[in-house]
Amino acid sequence: MFPVKAACFGRWVAVTALICGVLAIVPRATDAQARNSSGASAATASEEPMVIDQVWQRASAKYDEARAAILEGVDRKGREGPFRPDWESLERYEVPEWYKDAKFGIFIHWGVYSVPAFGNEWYPRNMYREESDEYKHHIATYGAVDKFGYKDFVPLFKAERFDPGAWARLFKEAGAKYVVPVAEHHDGFAMYDSDLSDWTAAKMGPHRDVIGELAKAVRTAGLHFGASSHRVEHNFFLGVGRRIASDINDPKYAAFYGPAHNWMEAKQGTPLTNDFTFVSAAWTADWLARSSEIVEKYHPDIMYFDWWIGQAAVRADLTRFAAFYYNTSLEYGDHVGVINYKDYAIEEHSAVLDLERGQLAEIRPLYWQTDTSVSNKSWGYIKDDTFKTAQFVVQQLIDIVSKNGNLLLNIGPRSDGTIPEEVQAVLRDVGSWLKVNGEAIYGTRPWNSFGEGPTKVRAGSFHDTDTAGYTAQDFRFTVKGKTLYAMELGWPSGGQAVVRSLGSSAMNGQTIGSVVLLGSDAKVAFEQQADGLRIQLPAEAPGKYAYAFRIVFDGAAP
């Protein structure tokens, strides 16, 4: 019931003891003799979880001392700053102003999964599911999964055209203020120069510290740098490969494929406290060490985590990480770091909530973020993807910012390191809009109302494409100091914009002194009537997608 950790990480004694300490049971500690008798790739799903976990622990034991050193530093830093590893301390966290001002960032899913470029970035898992299209594609293209497994894609991932400087310039041209590449996805392949693994982009495949090079280029371009770790999900991600003859079962590759436990998935729509997947203390300690290593090596301004950090077995080490990261970030910068979390993973005052492919219906008092992808089918590159339009991205950005949030827009580069031309075009188009209208976005805060109009956002994750198209009657508001911005999400056909929320009746007699249409040299006439602010528009729209009005009330300096 209570596994006991040995002094050195990874050398675990599988002991279950009664509370009084008089009885101990030591489960079998072999490396799966039954497996070896029928071949290294034979199915192992029926083996005890602790035995499976011990195979991974022994395969990772060469890094015991390095992990232990990092964890010692984690706990030391958790005692030396303003934050402690408990939620009462962490809930005093305040989101830094730079992040609230930034509004728009770039997310990057790039890894070994971009080599097969089929299905989506969950190819590493789905290629071992016999009922999946990925499995059928894999068998037809590469052969049996016990002969050609996911590991065999690593030498094909060469990144030979990766140019971090060109990427950073593109992201800046797009108007992004921060960049968050995935340092490690669920597949377990580190895109950075880890001292805790052999399976890294610095030691295999590209033989480059991808994250390190990108961090330098992004900061040179004047942008903030973050990192994303999906490492914790690797605990179960490849577990489906244990149900069939595959290389997942071979102890020789356990250091890469991880414990690969059976995912006892929580029911849809329930918190992760309902997830009963086997998670060892060895695994959460390894996750903590590897996450902290990213912080120590690259000093990210943001640490993004996927949903599974909320799994009950992870939460204790999650508080250790948060205290370590926040305290450490204050040592290498003038602001505390940002942790992005999903669902119920973190006490909501202690970090920044992230909604995957979703929005909110109203203003959220606590700061938040949406992450979505410019591609529709996958987060990573696939060959037959479709893409969102720049209009979609701009209008979504406006809605999110009006409700006290940021937009983190994902791209998926090809395995050679090039960014698809369709994606580049969307990013540049968004950047062109922001060059004209950015003052209504960057550095703003929500008004007393997010907006008006007939189009209603379907709130929640995975609904961002369910919202009907916006119209010229849809407005979103932001403020900066005493200046109000009203952004119209379409160009009216009658030559007049009508903002109902700014009528004299709605404003209790507060009058408007000036109205400027951003991007236009024309002086616009306006009249504040009881039923709305009526603005006469020039014959030609100053751009496309959405139109921002700078509004200053009488008696207020712009």
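Please refer to the structure higher up on the page.
The present account deals with the structure reproduced in this document. (Residues numbered from 1 in each chain as written. Predicted model: local features only at pLDDT ≥ 70, side-chain atom pairs only at ≥ 80, totals over all residues. Heavy atoms only, no water.)

## Section: helix α12 (residues 281-298)
Stage number 1. An ideal rise of 1.5 Å per residue puts 26 Å on 18 residues; α12 measures up with 26 Å between its terminal C-alpha atoms.
Stage number 2. Counting buried positions along α12 yields 15 of 18 residues, so the element is predominantly enclosed. (Helix = DSSP H or I, 4+ residues; strand = E, 2+ residues; numbered from the N terminus. Expected span 1.5 Å × (residues − 1). Buried < 20%, exposed > 50% of the residue type's maximum accessible area, 1.4 Å probe, protein only.)

## Looking at the environment of valine 393
Stage number 1. Inspection of the secondary structure assignment puts valine 393 in helix α14 (residues 390-402).
Stage number 2. Taking the C-alpha atoms as reference points, valine 393 and valine 338, 55 residues apart in sequence, are found 23 Å from one another.

## What about the side chain of threonine 284?
Stage number 1. Structurally, threonine 284 is set in helix α12.
Stage number 2. When its relative accessible area of 5% is taken as the criterion, threonine 284 is described as buried.
Stage number 3. Side chain to side chain, threonine 284 and aspartate 317 meet in a polar contact 2.8 Å long.
Stage number 4. Residues within four places of threonine 284 in sequence aside, it is in contact with Val279, Ala313, Val314 and Asp317. (Polar contact = N/O pair within 3.5 Å; in protein donor to acceptor, adjacent residues only side chain to side chain. Contact = heavy atoms within 4.5 Å.)

## What to know about helix α7 (residues 133-141)
Stage number 1. Among the residues of α7, Glu134, Tyr135 and His138 are the ones counted as buried. The arc enclosing the buried residues of α7, seen along the axis, measures out at 100°, which places them on a common side. Exposed and oriented more than 90 degrees from the buried face of α7 are Asp133 and Ala140.
Stage number 2. Contacts made by the buried residues of α7 are with α6 (123-126).
Stage number 3. At the C-terminal side of α7, glycine 143 shows a positive phi close to 105°. (Arc of directions from axis to C-beta.)

## Concerning the packing of aromatic side chains
Stage number 1. Under the defined criterion, the tally for this structure stands at 40 aromatic pairs.
Stage number 2. Note on phenylalanine 107 and tryptophan 379: the rings are 6.1 Å apart at their centroids and 75° apart in plane angle, and the pair reads as edge-to-face. With phenylalanine 107 in strand β3 (residues 104-108) and tryptophan 379 in the loop between β9 (368-373) and α14, the pair connects residues that are 272 residues apart, well separated along the chain.
Stage number 3. Residue tryptophan 379 is classed as buried on the basis of its relative accessible area of 7%.
Stage number 4. Centre to centre, the rings of tyrosine 253 and tyrosine 257 are 6.4 Å apart; their planes meet at 65°, and the pair counts as edge-to-face.
Stage number 5. On the basis of relative accessibility, which here comes to 19%, the residue tyrosine 253 falls in the buried class.
Stage number 6. Above the ring of tyrosine 253, the side-chain terminus of lysine 151 is found at 4.6 Å from the ring centroid.
Stage number 7. When the ring centre of phenylalanine 450 is taken as origin, the NZ or CZ atom of lysine 403, which lies over that ring, is 4.5 Å away. (Phe/Tyr/Trp six-rings, centres within 6.5 Å; stacked < 30°, edge-to-face > 60°. Lys NZ or Arg CZ within 6 Å of the ring centre and 35° of its normal.)

## Some remarks on the sheet that holds strand β16 (residues 526-529)
Stage number 1. One open sheet holds the 3 strands; their spatial order is β14-β17-β16, and the pairing between them is antiparallel. The open sheet is flanked by β14 (496-499) and β16, the only strands paired with a single partner. Within this sheet the neighbouring strands show an average axis-to-axis angle of 15°, counted without direction.
Stage number 2. Here β14 pairs with strand β17 (residues 532-536) via 4 bridges, running antiparallel. When the sheet's bridge partners are listed, valine 498 is paired in β17 with arginine 534. (Pairing = 2+ DSSP bridges. Axes fitted to C-alpha atoms, helices over the stretch in contact; angles between N-to-C directions.)

## Points about the pattern of salt bridges
Stage number 1. One pass over the structure, following the stated rule, counts 35 salt bridges.
Stage number 2. Of the charged contacts, one joins glutamate 184 and arginine 290 as a salt bridge, the two residues approaching to 3.2 Å between their closest N and O atoms. Within this pair, whereas glutamate 184 is found in strand β4 (residues 178-184), its partner arginine 290 is found in helix α12, the two being separated by 106 residues in sequence.
Stage number 3. One salt bridge connects aspartate 384 with lysine 377, and the closest N-O pair in it is separated by 3.9 Å.
Stage number 4. Three or more residues are tied together by salt bridges with common partners; here these are Asp64, Arg67, Glu184, Arg231, Asp286 and Arg290. (Salt bridge = Lys/Arg side-chain N within 4 Å of Asp/Glu carboxyl O.)

## Let's talk about the pairing of strand β18 (residues 547-553)
Stage number 1. Counting buried residues in β18 gives 6 out of 7 residues, a clear majority hidden from the surface.
Stage number 2. Of the pairings in the sheet, the one linking strand β13 (residues 483-488) to β18 comprises 6 bridges and is antiparallel in character. Residue pairing in the sheet places alanine 486 in a bridge with phenylalanine 549 of β18.
Stage number 3. For strand β15 (residues 512-517) and β18, the ladder comprises 5 bridges, and the chain directions are antiparallel. Counterpart to isoleucine 512 in the pairing with β18 is phenylalanine 553.

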